[in-house]
Amino acid sequence: YKEYMVYTTKTADYAVDSVYQENGKTIIDLQRVGEMPFPIDVTVVKKDGSEIIYNIPLRIMRGDKSAHTSTQMVVAEDWPWVYSDYKLQSDVPMSEIKSVHIDKNVSFADFDRENNDYKL
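Residues numbered from 1 in each chain as written. Predicted model: local features only at pLDDT ≥ 70, side-chain atom pairs only at ≥ 80, totals over all residues. Heavy atoms only, no water.

1. Some details on the pattern of salt bridges
And step 1. Per the stated rule, a full pass over the model turns up four salt bridges.
And step 2. Linking Asp91 and Lys25 is a salt bridge whose minimum nitrogen-to-oxygen distance equals 2.5 Å. A residue pair is termed long-range when its members are at least 10 positions apart, and Asp91 in the loop between strand S6 (85–90) and strand S7 (97–102) and Lys25 in strand S2 (residues 25–32) qualify at 66 residues.
And step 3. Measuring nitrogen to oxygen at the nearest pair gives 2.4 Å for the salt bridge that ties Glu51 to Lys104. (Salt bridge = Lys/Arg side-chain N within 4 Å of Asp/Glu carboxyl O. Helix = DSSP H or I, 4+ residues; strand = E, 2+ residues; numbered from the N terminus.)

Given below as structure tokens:
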């Protein structure tokens, strides 16, 4: 991250593009809009108020993030840093999802937070 943060003007910006159901799974289409790859957390808020955090590490990382809250955390498949899109699969039925948020806890420097939320 140092190379990107210190020596370039590239920004980290991720977006929730769409949410849909396919083969019994909820698919959350994510886009890396900015040029800086970053591991992200995606929070799925269910209609009953409970939450699941999906941590998506980058393939170039060594390891992943451990849970820092009592909220259920799932480590998703690595996001290859060279791809600008990613399909997150969730076992939560789409009918039970209220909203999806990238970086709900505002813990990284996302350039445009307007594209981080998706309400169903």
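2. Side note on the nonpolar core
And step 1. Leu30, Ile40, Val42, Ile56 and Leu88 are the most contacted members of the largest nonpolar core, which totals 23 residues.
And step 2. Of all the secondary-structure elements, those providing two or more residues to this core are strand S1 (14–22), S2, strand S3 (40–46), strand S4 (51–56), S6 and S7.
And step 3. Each residue touching Ile56, except ones within four places of it in the same chain, is listed here: Leu30, Pro39, Ile40, Val42, Ala76, Glu77, Trp79, Tyr86 and Leu88. (Core = buried A, V, L, I, M, F, W, Y, C linked by side-chain atoms within 4.5 Å. Buried < 20%, exposed > 50% of the residue type's maximum accessible area, 1.4 Å probe, protein only. Contact = heavy atoms within 4.5 Å.)

3. Brief notes about the environment of Ser18
And step 1. Summarising the element assignment, Ser18 is placed in strand S1.
And step 2. If sequence neighbours within four positions are ignored, Ser18 has contacts with Ile27, Ile28, Asp29 and Tyr118.

4. Brief notes about the environment of Ser90
And step 1. Looking at the secondary structure, you find Ser90 in strand S6.
And step 2. Owing to a relative accessible area of 0%, Ser90 belongs among the buried residues under this scheme.
And step 3. For the pair formed by Ser90 and Ile52, sequence separation is 38 residues and the distance between their alpha carbons is 9.6 Å.
And step 4. The residues contacting Ser90, other than those within four sequence positions of it, are Lys25, Thr26 and Tyr54.
And step 5. A distance of 2.7 Å separates polar atoms of two side chains, one belonging to Ser90 and the other to Tyr54.
And step 6. At 3.1 Å, the side chain of Ser90 and the backbone nitrogen of Val92 are in polar contact. (Polar contact = N/O pair within 3.5 Å; in protein donor to acceptor, adjacent residues only side chain to side chain.)

5. Some thoughts on the sheet that holds S6
And step 1. Across the sheet, which stays open at both edges, the three strands sit in the order S1-S2-S6 with antiparallel pairing between neighbours. Here the strands that pair on one side only, and so sit at the sheet edges, are S1 and S6. Averaged over all adjacent pairs, the angle separating strand axes in this sheet is 25 degrees, with direction ignored.
And step 2. With eight bridges joining them, S1 and S2 adopt antiparallel strand pairing. Pairing of Glu22 across the sheet is with Lys25, part of S2. (Pairing = 2+ DSSP bridges. Axes fitted to C-alpha atoms, helices over the stretch in contact; angles between N-to-C directions.)

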